[in-house]
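Observations on chain architecture
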Amino acid sequence: MTERQQLPGMALTPTQVASVRSLRYDFSQLLMEHRFVIDELLTKISILREESLHMHSYNPIEHIASRVKSPRSLLEKVTRRQLPLDIDVIRTQITDIAGIRITCSFIADTYDVLDMLTSQDDVRVVEIKDYIANPKPNGYKSLHAILEVPVFLRGGATAVICEVQIRTIAMDFWASLEHKIHYKFDGEVPDRLIEELTQTAEVANQLDRRMEQLHAEVHDGEEPHSTDENFDEEALRILWDLSTRQE
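Model, not experiment: these values are computed from the prediction.

Rules used in this analysis
- Residue numbering note: each chain is counted from 1, following its sequence as written.
- Local features in a predicted model are, by the rule used here, given only for residues with pLDDT of at least 70; side-chain atom pairs are given and counted only at 80 or more, and totals for whole chains, interfaces and linings are based on all residues.
- Hydrogen atoms and water are omitted, and side-chain values are computed over all heavy atoms in the structure.
- Each salt bridge in this description consists of a side-chain nitrogen of Lys or Arg and a carboxyl oxygen of Asp or Glu lying within 4 Å of one another.
- Secondary structure is summarised from DSSP: a helix means a run of H or I of at least four residues, a strand means a run of E of at least two, and numbering begins at the N terminus for each.
- Residue burial is assigned from relative accessible area. The probe radius is 1.4 Å, only protein chains are included, and a residue is buried under 20% of its type maximum, exposed over 50%, and partly exposed in between.
- Two strands pair if DSSP finds at least two bridges between them.
- The axes are straight lines fitted to the C-alpha atoms, using for helices just the contacting stretch, and the angles between their N-to-C directions are given from 0 to 180°.
- Throughout, a residue-residue contact means that at least one pair of heavy atoms, one from each residue, lies within 4.5 Å.
- Multiplying 1.5 Å by the residue count of a helix minus one yields the expected span of that helix.

1. Quick look at the pattern of salt bridges
Scanning all chains against the criterion turns up seven salt bridges. Here Arg124 ties to Glu148 by a salt bridge, and the two come within 2.9 Å at their closest N and O atoms. One end of the pair, Arg124, is in strand β5 (residues 124–130); the other, Glu148, is in strand β6 (residues 143–153), and 24 residues separate them in sequence. As a salt-bridge pair, Arg167 and Asp172 come within 3.1 Å of each other at their nearest N and O atoms. Taking relative accessible area as the criterion, Arg167 reaches 3% and is therefore assigned buried. Through salt bridges with shared partners, a single network forms among Lys69, Lys77 and Asp96.

Below is the structure:
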């Protein structure tokens, strides 16, 4: 910024410019920390997914998406919530600055993934909302977890909050459609469409339940088994020799 930076309809004094620069730095730092917390959680999720594949030859996660709010989106939410321009207040009061969405095949998978993620020692559960067991009136279903995870910076560990949503493919498809409809009608959705959305939410729920039953029937009685690493014959021979030495 120049000494008398021009903004729409106003000119800033040098003191104001310095203040805005400081605020911009603080907000940039805040957003950077939330990008890092997504990196931390994505690493955890990737490890859990690979471990599940190795131990059970099964991947409970179909798709992962993540995002950090843009500066404008964050500031607009600060304005709507009438929060002070205090970074510590914003950090604790706005819990969806960083967001991760995990899509699973089956309802049981959503709970398994949530349990695997929240059972880790360095993950603190701030809040969990189970909209699968208790759907919203419009039919929305998903698991919402507000998690706090340490991000290790040069000055030490900083606890950062991230919202994690876990849902099935059918739930995700319904939620995406619902969002598009609300966006198209700017929130003023006709009653007819609201009623149809509620009905389709029940259809999606029936699909989830039926697919889970089919999955259980197909895999009934199967023993969980590990996915072997690439052990060639020589590696297996060495492994056998080492095991016999122990006897």
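2. So, the sheet that holds β5
If you walk across this open sheet you meet the five strands as β3-β4-β7-β6-β5, and the pairing is mixed. This sheet does not close on itself; its edge strands, each paired only once, are β3 (61–68) and β5. Sheet twist, expressed as the average angle between the axes of neighbouring strands with direction ignored, equals 25°. The sheet contact formed by β3 and strand β4 (residues 98–104) spans seven bridges and is antiparallel. If you follow Ile64 over to β4, its bridge partner there is Ile102. Relative to strand β7 (residues 156–168), helix α4 (residues 107–118) is tilted by about 170°, and along the sheet it contacts β3, β4, β5, β6 and β7.

3. What about helix α1 (residues 14–56)?
For α1, spanning 43 residues, the distance from its first C-alpha to its last is 63 Å, which sits close to the expected 63 Å at 1.5 Å a residue. Of the residues flanking the end of α1, it is Ser57, one or two places downstream, whose phi is positive at about 55°.

So far we have only geometry, and geometry alone does not tell us how the molecule works.
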